[in-house]
Amino acid sequence: MAILYLMHTFQCKLPEMLRMPLVEMCLQIKLLSLGNIKPFLLKALETPKEEAINSAISLLYEVCAIGRNEELTPLGYHLAKLPVDVLIGKMMIYGAIFGCLSPILSISAFLSYKSPFVYPKDEKQNVERAKLALLTDKLEGASESDKGNRQSDHLLMMVAYKKWEKILRENGVKAAQRFCSSYFLSSSVMYMIRDMRIQFGTLLADIGLINLPKNYQIEGKKSEKLDSWLSDVSQVFNKYSHHSSIVKAVICAGLYPNVAAAEDGIVKSALSVLNQSTAPATKEQPVLYDGKREVHIHPSSINNNLKAFQYPFVVFLEKVETSKVFLRDTTIISPYSILLFGGSMSIQHQTGLVTIDGWMKLAAPAQIAVLFKELRLTLHSVLKELIRKPQMETIVGNEVVRSIIHLLLEEDKSPK
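Quick look at the structure, then. (Residues numbered from 1 in each chain as written. Predicted model: local features only at pLDDT ≥ 70, side-chain atom pairs only at ≥ 80, totals over all residues. Heavy atoms only, no water.)

Quick look at the pattern of salt bridges
(1) Moving on: By the definition in use, this model includes 10 salt bridges.
(2) Moving on: Between glutamate 410 and lysine 413 there is a salt bridge, and its shortest N-O distance comes to 3.4 Å. Remark: lysine 413 and glutamate 410 occur in helix 19 (residues 399–413); sequence separation between them is three residues, near one turn of the helix.
(3) Moving on: Lysine 413 sits in the exposed class, given a relative accessible area of 62%.
(4) Moving on: One salt-bridge network, held together by shared partners, links Glu165, Lys166, Arg169 and Glu170. (Salt bridge = Lys/Arg side-chain N within 4 Å of Asp/Glu carboxyl O. Helix = DSSP H or I, 4+ residues; strand = E, 2+ residues; numbered from the N terminus. Buried < 20%, exposed > 50% of the residue type's maximum accessible area, 1.4 Å probe, protein only.)

Below, the structure written as structure tokens:
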């Protein structure tokens, strides 16, 4: 029996190359200067599927981890040193740069693990009410424009963690457990998120992005203090943590190219092609497309029952295909977020339209669009400087970063 078991184990074990996430492996190949990715991988005894290799390389281009001739970009250099999914890693780096690290650590942890919400049998409506109730009370320090404008599962998770952590710290374990029961939250998931926040914060410290206090240890009760330190709004990396417009923009920066758009955010020519393969839609909700086909917001999302979106653009981490293609956790994002952190930009000076990745559109005066294009390029230089001198105070105070933050805050103030 033992021999049979050993034979079975040996036969089922995949080679290391096929077990490691392919995108992360591609980044390591570039970091170690081993040449072009595809030729290198195809030399292996057990090669990944060619389609998977092409997909991984394409994603690295889309997140700007590699540039022309597969050259590792400054962002790619940082991502190669973070042992996390590239989208999550990018979100964390931008969270630190744009001064909203604490909420982004929570969101990154939930996306890497799972949603904190539990759905007891026949309690779906109560869970949805609890989600809305979590967003009813204004968070301490939140700006006025944040109230009622969240339209984000990711911000909902962040709010849930922030309230749970505050109750745990001020009122103890039993009060935190009661809070979880009242809002259909998993207590064990919340503790796991706290541990992951600390782990992610430590990873950012390892690449020099933040400096952990020397007197905090990662064991026992000291870990609680480290999590509180990561949440401290007086820290430079949390300067804009209370502004949902900044947090949403960073979510966009991390999750792009996982984006969908409503009809008013899609180029006419692309929309006519998409409509050919789509059944007639009911007008109860905005119809969404991911550039290839129609998609739908998952029933568990806080955005599922919205009759109108604040903006026509939605980012997500994953799609689930059952009877339809669903976007599981979603955030409605602004045009400026797309202009800053979206894909390739084409400016039509005469019409005042900007096309992103050939299928999404938004209206912007030519001078504004050109400004955003320049800011993108300059942000690349900021990341390059971050490799040479990773000092948080220098980065958050950088003129380009401050200009981007100012634009995002101004957009949030303007009438919708």
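Moving on from the coordinates now.
Some words on the sheet that holds strand 1 (residues 259–262)
(1) Moving on: One open sheet holds the seven strands; their spatial order is 5-6-3-2-1-4-7, and the pairing between them is mixed. Two strands lie at the open edges of the sheet, namely strand 5 (319–321) and strand 7 (330–333), each paired on one side alone.
(2) Moving on: Of the pairings in the sheet, the one linking strand 5 to strand 6 (residues 325–327) comprises three bridges and is antiparallel in character. Residue valine 320 lies in a different strand from strand 6, and its bridge partner there is phenylalanine 326. (Pairing = 2+ DSSP bridges.)

Points about the packing of aromatic side chains
(1) Moving on: For the structure on display, the rule yields eight aromatic pairs.
(2) Moving on: Between the aromatic rings of tyrosine 94 and phenylalanine 98, the centroid separation amounts to 6.0 Å while the plane-to-plane angle is 25°, which identifies the pairing as stacked. The same class applies to tyrosine 94 as to phenylalanine 98, namely buried.
(3) Moving on: Here the aromatic cluster, defined as three or more aromatic residues joined through ring pairs, consists of Tyr94, Phe98 and Phe341.
(4) Moving on: The ring centre of tyrosine 94 lies 5.8 Å from the NZ or CZ of lysine 90, which sits over that ring.
(5) Moving on: Residue placement shows lysine 131 over the ring face of phenylalanine 117; its charged tip is 5.0 Å from the ring centre. (Phe/Tyr/Trp six-rings, centres within 6.5 Å; stacked < 30°, edge-to-face > 60°. Lys NZ or Arg CZ within 6 Å of the ring centre and 35° of its normal.)

Points about the environment of valine 400
(1) Moving on: Among the secondary structure elements, valine 400 is positioned in helix 19.
(2) Moving on: When the C-alpha positions of valine 400 and threonine 378 are compared, they lie 7.0 Å apart, and in sequence the two are 22 residues distant.
(3) Moving on: The residues touching valine 400, leaving out its near neighbours within four places in the chain, are Leu375, Thr378, Leu379 and Val382. (Contact = heavy atoms within 4.5 Å.)

Notes on the pairing of strand 10 (residues 360–363)
For a regular strand, side-chain orientation follows a simple rule: the groups alternate between the two sheet faces.
(1) Moving on: A one-sided burial pattern is seen for strand 10, the buried positions being Met360 and Leu362 and the unburied ones Lys361 and Ala363.
(2) Moving on: Of the pairings in the sheet, the one linking strand 9 (residues 353–356) to strand 10 comprises four bridges and is antiparallel in character. Residue pairing across strands places leucine 353 opposite alanine 363, the latter belonging to strand 10.
(3) Moving on: Remark: three residues form the turn of the hairpin made by strand 9 and strand 10, two consecutive strands paired antiparallel; aspartate 357 in that turn has positive phi of roughly 55°.

A few points about the packing of helix 3 (residues 22–31) against helix 5 (residues 50–62)
Between two packed helices, the angle of one axis relative to the other and the distance separating the axes together describe the packing.
(1) Moving on: At their nearest, the axes of helix 3 and helix 5 sit 9 Å apart, and the two run at 70° to each other. Taken together, the axes of helix 3 and helix 5 lie roughly perpendicular to each other. Regarding helix 3 and helix 5, the two cross each other, and that crossing is right-handed. Between helix 3 and helix 5, the residues in contact are Leu22, Val23, Cys26 and Leu27 and Ala52, Ile53, Ala56, Leu59 and Leu60, respectively.
(2) Moving on: Residues that form the contact of helix 3 with helix 5 fall into these classes: nine nonpolar, no polar and no charged. (Axes fitted to C-alpha atoms, helices over the stretch in contact; angles between N-to-C directions. Parallel < 35°, antiparallel > 145°, perpendicular 65-115°, else oblique. Left-handed = near helix turned anticlockwise from the far one by under 90°. Nonpolar A, V, L, I, M, F, W, Y, C, P; charged D, E, K, R; others polar.)

Remember, this is a structural readout, not a statement about activity or role.
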